[in-house]
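# What the coordinates show
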Amino acid sequence: MFGTNLLDRRSKPERIADQAWEHLLSAVSYAGDSVRDTARAARQNSGEFADGASDLVGSAADEARRRASLAFDALAGRQPALPWTLLIGAALAGAAIGWAVGSAARAAGSRDDRAVDDVEFVDVDRPGSPAV
């Protein structure tokens with residue numbers, strides 16, 4: 001009696017019920033881990049999707065607000081404001097291009113002056129000139 005197992009003394013239906021219970025617990029535990037992992041992945045994916053959607057909706061809402069404001073101003077008869085940043089940027093770019101072209105023209109002109117200084121002019125009307 002001392003060497004017998006208490007589980008062996010139970011009836012066969014009780015042992016089958018215990019085994020079924022253990023299998024059910026292990027399946028629920030495994031399924032719980034799987035469901036937990038799936039839920040975690042779904043939560044992460046939905047968070048990324050929601051962030052992307054909120055960025056898209058936010059930018060669309062900003063654009064809609066801007067267009068509605070422009071339409072309201074147009075209906076009210078207000079002229080749109082001048083794009084000062086664009087105008088100032090274009091003026092600065094034009095000034096920079098003009099400065100670069102002017103510097104290049106001055107540099108090219110100074111090189112031509114040196115070449116003109118090296119040329120020897122001959123007077124053809126003089127009787128003893130080398131050109132005659």
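Quick note: structure is the one above.
Read on for an overview of the structure. The structure presented is a predicted model; accordingly, all values stated were derived computationally and were not measured.

## Concerning the overall build of the protein chain
- Along the backbone of the protein chain there are two helices and zero strands.
- Looking at the protein chain residue by residue over its 132 residues, the buried ones come to 1%.
- By element, 64% of the accessible surface of the protein chain is carried by carbon and sulfur atoms, the whole surface being about 11700 Å².

## Observations concerning the pattern of salt bridges
- By the definition in use, this model includes four salt bridges.
- For Glu63, the salt bridge identified is with Arg67, shortest N-O distance 2.8 Å. Taken together, the positions of Glu63 and Arg67, both in helix α1 (residues 12–76) and four residues apart, correspond to about one turn of that helix.
- You can call Glu63 partly exposed: its relative accessible area is 30%.
- Take Arg67: its relative accessible area is 54%, and that puts it in the exposed class.
- When salt bridges with common partners are traced through the structure, they connect Glu63, Arg66 and Arg67 into a single cluster.

## What to know about a nonpolar patch on the surface
- Together, Leu82, Trp84, Leu87, Ile88 and Leu92 make up an exposed nonpolar region whose accessible area comes to about 560 Å².
- Structurally, Leu82 is set in the loop between α1 and α2 (84–118).

Reading the values: the criteria
Residues numbered from 1 in each chain as written. Predicted model: local features only at pLDDT ≥ 70, side-chain atom pairs only at ≥ 80, totals over all residues. Heavy atoms only, no water. Helix = DSSP H or I, 4+ residues; strand = E, 2+ residues; numbered from the N terminus. Buried < 20%, exposed > 50% of the residue type's maximum accessible area, 1.4 Å probe, protein only. Areas by Shrake-Rupley, 256 points an atom, 1.4 Å probe, with all protein chains shown as cover. Salt bridge = Lys/Arg side-chain N within 4 Å of Asp/Glu carboxyl O. Patch = residues over 30% accessible without salt bridge, like charges linked within 9 Å, V, L, I, M, F, W, Y side chains within 5 Å.

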